[in-house]
Amino acid sequence: MVLDRQGYDDLVMYLTQNLALFEKPGQIKPGAPTVLELIEDMIAENVMLLCEQHTELSTEQRSQIVREVDGIVYDLQEVLSSVTNHTVTVEQHAFIDEFAGLVKNLFDSAVVESA
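So, a few notes on the structure that sits alongside this text. (Residues numbered from 1 in each chain as written. Predicted model: local features only at pLDDT ≥ 70, side-chain atom pairs only at ≥ 80, totals over all residues. Heavy atoms only, no water.)

### A few points about the nonpolar core
Phe-22, Ile-43, Ile-65, Ile-96 and Phe-107 are the most contacted members of the largest nonpolar core, which totals 33 residues. Sort the elements by how many residues they give to this core and helix 4 (residues 90-114) lands first, with nine residues. Other than its neighbours up to four places away in sequence, Phe-107 contacts Met-1, Val-2, Leu-50, Ile-65, Glu-68, Val-69 and Ile-72. (Core = buried A, V, L, I, M, F, W, Y, C linked by side-chain atoms within 4.5 Å. Buried < 20%, exposed > 50% of the residue type's maximum accessible area, 1.4 Å probe, protein only. Helix = DSSP H or I, 4+ residues; strand = E, 2+ residues; numbered from the N terminus. Contact = heavy atoms within 4.5 Å.)

This is the structure in structure tokens:
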């Protein structure tokens, strides 16, 4: 659905260009989650929103989305493996929020194109 598209390659490139955010210290809000917890929560939130917005999705399409999202989270874990257990900084939180929204946009576009 999206893993084999140019948009996903562009998203990975965007992550690569912003890796410096994960290599430097920054401001941490009290009670902030770890990098991995935030990634999982933000991506899951966006996938649920996607499914709520596209009620016409079949069970098969929803399953494919979940499988691909699992792959995306796995890729993020691999790239960010050295910091996944660190508490997320304010800057990292903003990036992860934006990244999760971009993932949703990729799936939104794919759903619309397949309709």
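Next comes the rest of the write-up.
### Points about helix 1 (residues 6-17)
Helix length check: helix 1, at 12 residues, gives a terminal C-alpha distance of 16 Å against a target of 16 Å (1.5 Å per residue), a fit within 8%. Of all the positions in helix 1, only Tyr-8, Leu-11 and Leu-15 are classed as buried. The buried side chains of helix 1 occupy one side of the element, clustering within an arc of 55 degrees when seen end-on. Residues of helix 1 that are exposed and angled more than 90 degrees away from the buried face: Gln-6 and Gln-17. Looking at the buried side of helix 1, the elements it contacts are helix 3 (59-79) and helix 4. (Expected span 1.5 Å × (residues − 1). Arc of directions from axis to C-beta.)

### Some thoughts on the packing of aromatic side chains
For the structure shown, the criterion picks out three aromatic pairs. Here Tyr-14 and Phe-95 contribute two aromatic rings whose centre-to-centre distance is 5.3 Å and whose plane-to-plane angle is 35 degrees, an arrangement assigned as tilted. Remark: Phe-95 occurs in helix 4 and Tyr-14 occurs in helix 1; sequence separation between them is 81 residues. Judged by its relative accessible area of 23%, Tyr-14 falls in the partly exposed class. On the numbers, 5.9 Å between centres and 35 degrees between planes, the contact of Phe-95 with Phe-99 is tilted. With a gap of four residues between them, Phe-95 and Phe-99 both fall in helix 4, about one helical turn apart. Phe-99 shares its class with Phe-95; the two are buried. Aromatic rings pair up to connect Tyr-14, Phe-22, Phe-95 and Phe-99 into one cluster. (Phe/Tyr/Trp six-rings, centres within 6.5 Å; stacked < 30°, edge-to-face > 60°.)

### Thoughts on helix 4
A rise of 1.5 Å per residue sets the reference length of helix 4, with its 25 residues, at 36 Å; its end C-alpha atoms lie 37 Å apart and thus fit the reference within 8%. Within the span of helix 4, buried status applies to Gln-92, Phe-95, Ile-96, Phe-99, Ala-100, Val-103, Lys-104, Leu-106, Phe-107, Asp-108, Ala-110 and Val-111. Close packing links the buried residues of helix 4 with helix 1, helix 2 (35-53) and helix 3.

### Details of the packing of helix 2 against helix 3
The geometry of helix 2 relative to helix 3 is characterised by a closest axis approach of 11 Å and an angle of 160 degrees between their N-to-C directions. Viewed along their axes, helix 2 and helix 3 adopt a mutual orientation that is roughly antiparallel. Relative to helix 3, helix 2 is oriented so that their crossing is right-handed. Packed against helix 2, whose contacting residues are Leu-36, Ile-39, Glu-40, Ile-43, Val-47, Leu-50 and Cys-51, the element helix 3 presents Arg-62, Ile-65, Val-69, Val-73, Leu-76 and Gln-77 at the interface. Residue composition of the contact of helix 2 with helix 3, by class: 10 nonpolar, one polar and two charged. (Axes fitted to C-alpha atoms, helices over the stretch in contact; angles between N-to-C directions. Parallel < 35°, antiparallel > 145°, perpendicular 65-115°, else oblique. Left-handed = near helix turned anticlockwise from the far one by under 90°. Nonpolar A, V, L, I, M, F, W, Y, C, P; charged D, E, K, R; others polar.)

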